[in-house]
Amino acid sequence: MTADLAAVERQAQALLAADRLEEAEALLRPPLASGSGPLVLWRLLVQALRRLGRPQEALPIQRMLVDTVPGDLAARFDLSEILLLLGDFDAGWRAYRYRYSLAHTTRIERKVQRPRWDGAPIPGKTLLIHDEQGFGDTFQFLRLVPRAQARSGARIVLEVNRDCLPLAARSPLGVDTYVPNGALPPAFDLHCELMSLPMALRLQLSDLPGPLPYLLPDPARLAHWRARLGGLPRPLVALVWAGRPTHHNDANRSMPLAALAPLAIPGISYLAIQKGPAAAQAAQPPAGMALTALDPEIADFDDTAAILCVADLLISVDSAPVHLAGALGRPAWVMLPFMPDWRWLEAREDTPWYPRHRLFRQPRRGDWGAVTAAVAGALR
């Protein structure tokens, strides 16, 4: 690459890091105008286009990158996220298997010395299904375990993280044996990651949402929270304003509680179910917001699930409670960034995953004001 093109690469990377996406695109277009040019510049252009909310334009470039360098598995994963965002589940789930080919994910891939299940019937065999990634992913894709059991005809061993295990174990998922993550599972013949089930089952948009609810609250916790919240005037609206701080896209999807000031509407009782460092913000709610901070009383997801079953509505950024609410069949309004995660698809106010959810999307990058104004209007 010539010195001039190397300078373009450095400048484009700096612009992308500063979120000056339009400038990055304008810089990259001229040296690529002929349809050729260094692959690194094409990769940077794809980054800009995706973050600008133009995945349709990014798609053919990403396909070209995959075709040109078939061994670039990270490019295949990037292609999967574009395909899934656009609703192309056939190709998207196949490419999504490369999610453990990235520099920061290879170390967390589960190394299993058994074949991965491909969706074929395996009566008389034992299939280990094991969770992965975040809590929200677990809640979202547990719905596929009963379908995997029916398709495989196998004995199902489900290994799930300890935080989600009680919810999974009381729910009708068709599982024979539950194992907490980190414990030694019983002998098995084949395995499948929870988020590889869509590929094995050849999941289509038309297959969603499937039976709801597929997770059930703990009756004792439900009784406790009904009593605990019974004195608050309805409607009861649960609030989550920030995701997990360690998530790679958290700065894009989270906001401070103060940004929810437009939701301070008389007559609404808000329940702060926020966990993590942002939970402390509940001590100083926006003026006029009747907010009860529940963080000190929420021990685990069983408490969160029970609260969601008592509340009339959850309003949240893209977070694990959104998926927990959906799995419980409870309604949620989800506040999404301009360029959301692939699972929310494009330009929809609804989601096939959860029929009782409503999506509020940023009209421009970083514009949470328009989102909270729209949510406030819908509440009124």
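The rules we used
Residues numbered from 1 in each chain as written. Predicted model: local features only at pLDDT ≥ 70, side-chain atom pairs only at ≥ 80, totals over all residues. Heavy atoms only, no water. Pairing = 2+ DSSP bridges. Helix = DSSP H or I, 4+ residues; strand = E, 2+ residues; numbered from the N terminus. Axes fitted to C-alpha atoms, helices over the stretch in contact; angles between N-to-C directions. Contact = heavy atoms within 4.5 Å. Phe/Tyr/Trp six-rings, centres within 6.5 Å; stacked < 30°, edge-to-face > 60°. Buried < 20%, exposed > 50% of the residue type's maximum accessible area, 1.4 Å probe, protein only. Salt bridge = Lys/Arg side-chain N within 4 Å of Asp/Glu carboxyl O. Polar contact = N/O pair within 3.5 Å; in protein donor to acceptor, adjacent residues only side chain to side chain. Core = buried A, V, L, I, M, F, W, Y, C linked by side-chain atoms within 4.5 Å. Right-handed = clockwise from strand over helix to strand, strands pointing away.

Right, let's get into the sheet that holds strand 7 (residues 290-293). Read from one edge to the other, the open sheet built from six strands follows the order 7-6-5-8-9-10, with strand pairing classed as parallel. Two strands close off the open sheet at either side, each with one partner strand: strand 7 and strand 10 (357-361). Geometrically, the sheet is characterised by an average inter-axis angle of 25° between neighbouring strands, direction not taken into account. Its contacts with the sheet place helix 15 (residues 368-379) against strand 6 (269-272), strand 8 (313-317), strand 9 (332-336) and strand 10, and it is angled at close to 160° to strand 9.

This paragraph deals with the sheet that holds strand 2 (residues 155-160). Sheet architecture is open: four strands sit in the order 3-2-1-4, paired in parallel fashion. Where the open sheet ends on each side, the last strands, each with one partner, are strand 3 (177-180) and strand 4 (190-193). Within the sheet, the average angular offset between the axes of one strand and its neighbour, ignoring direction, is 20°. Pairing of strand 1 (residues 126-130) with strand 4 involves four bridges; the strand directions are parallel. Bridging from a neighbouring strand, H130 pairs with E193 of strand 4. Strands in contact with helix 8 (residues 145-152) are strand 1 and strand 2; relative to strand 2, the strand with the most contacts, it is inclined by about 155°.

What follows concerns the packing of aromatic side chains. Using the criterion set out here, one finds 11 aromatic pairs in the structure. Considering the side-chain rings of F89 and W353, the 6.3 Å spacing of their centres and the 35° angle between planes classify their relative orientation as tilted. Of the two residues, F89 is situated in helix 6 (residues 89-96) and W353 in the loop between strand 9 and strand 10; the sequence distance between them amounts to 264 residues. The burial state of F89 is the same as that of W353; both residues are buried. Judged by centre distance (5.0 Å) and plane angle (70°), the ring pair of F135 and F301 falls under edge-to-face.

Attention now moves to the pattern of salt bridges. Under the criterion given, the structure shown has 24 salt bridges. In this structure, D303 and R221 form a salt bridge, with 3.1 Å as the shortest nitrogen-oxygen distance. Of this pair, D303 sits in helix 13 (residues 301-310) while R221 sits in helix 11 (residues 219-229), and the two are 82 residues apart along the sequence. Classification of D303 by relative accessible area gives buried; the value is 5%. Ionic pairing is found between R364 and D367, a salt bridge with its closest N-O pair at 2.4 Å.

By secondary structure assignment, the location of S196 is in the loop between strand 4 and helix 10 (197-201). Classification of S196 by relative accessible area gives buried; the value is 5%. Side-chain polar atoms of S196 contact the side chain of R99, separated by 2.8 Å. Among the polar contacts made by the side chain of S196, one reaches the side chain of E193 at a distance of 2.8 Å. If sequence neighbours within four positions are ignored, S196 has contacts with R99, R116 and E132.

Moving on to the nonpolar core. Counting residues in each nonpolar core, the largest one holds 73 residues, and the members touching the most others are W117, V145 and L197. When residues in this core are grouped by element, the largest group, seven residues, is from helix 13. Setting aside its immediate chain neighbours within four residues, L197 contacts W117, I129, L144, V145, A148 and C192. W241, M255, Y270 and I315 belong to the second largest nonpolar core, which has 27 residues in total.

Note that the residue after L208, namely P209, is joined by a cis bond; omega there is 5°. Secondary-structure assignment places P209 in the loop between helix 10 and helix 11. Here Q133, not a glycine, exhibits a phi torsion of approximately 60°, which is positive. Residues other than glycine seldom take positive phi values, yet L345 does so here, at roughly 60°.

This brings us to helix 13. Of all 10 residues in helix 13, 10 are buried, a share of seventy percent or more. Along helix 13, the positions that sit buried rather than exposed are F301, D302, D303, T304, A305, A306, I307, L308, C309 and V310. The N-terminus of helix 13 is capped by D300, whose side-chain oxygen sits 3.1 Å from the backbone nitrogen of D302.

Residue placement: G134 occurs in the loop between strand 1 and helix 7 (135-141). Classification of G134 by relative accessible area gives buried; the value is 15%. Note: C-alpha distance between G134 and A12 (122 residues apart in sequence) is 31 Å.

Okay, the pairing of strand 8 next. When you tally the buried positions in strand 8, you get five out of five residues, the bulk of the element. Examined bridge by bridge, strand 5 (residues 236-240) and strand 8 share four bridges and lie parallel to one another. Note on strand 8: the bridge partner recorded for A238 is L314. Sheet topology places strand 8 next to strand 9; four bridges connect them, and they run parallel. By the bridge assignment, S316 is partnered in strand 9 with V334. Tracing the backbone out of strand 8, into helix 14 (residues 320-327) and back to the parallel element strand 9 gives a crossover that is right-handed.

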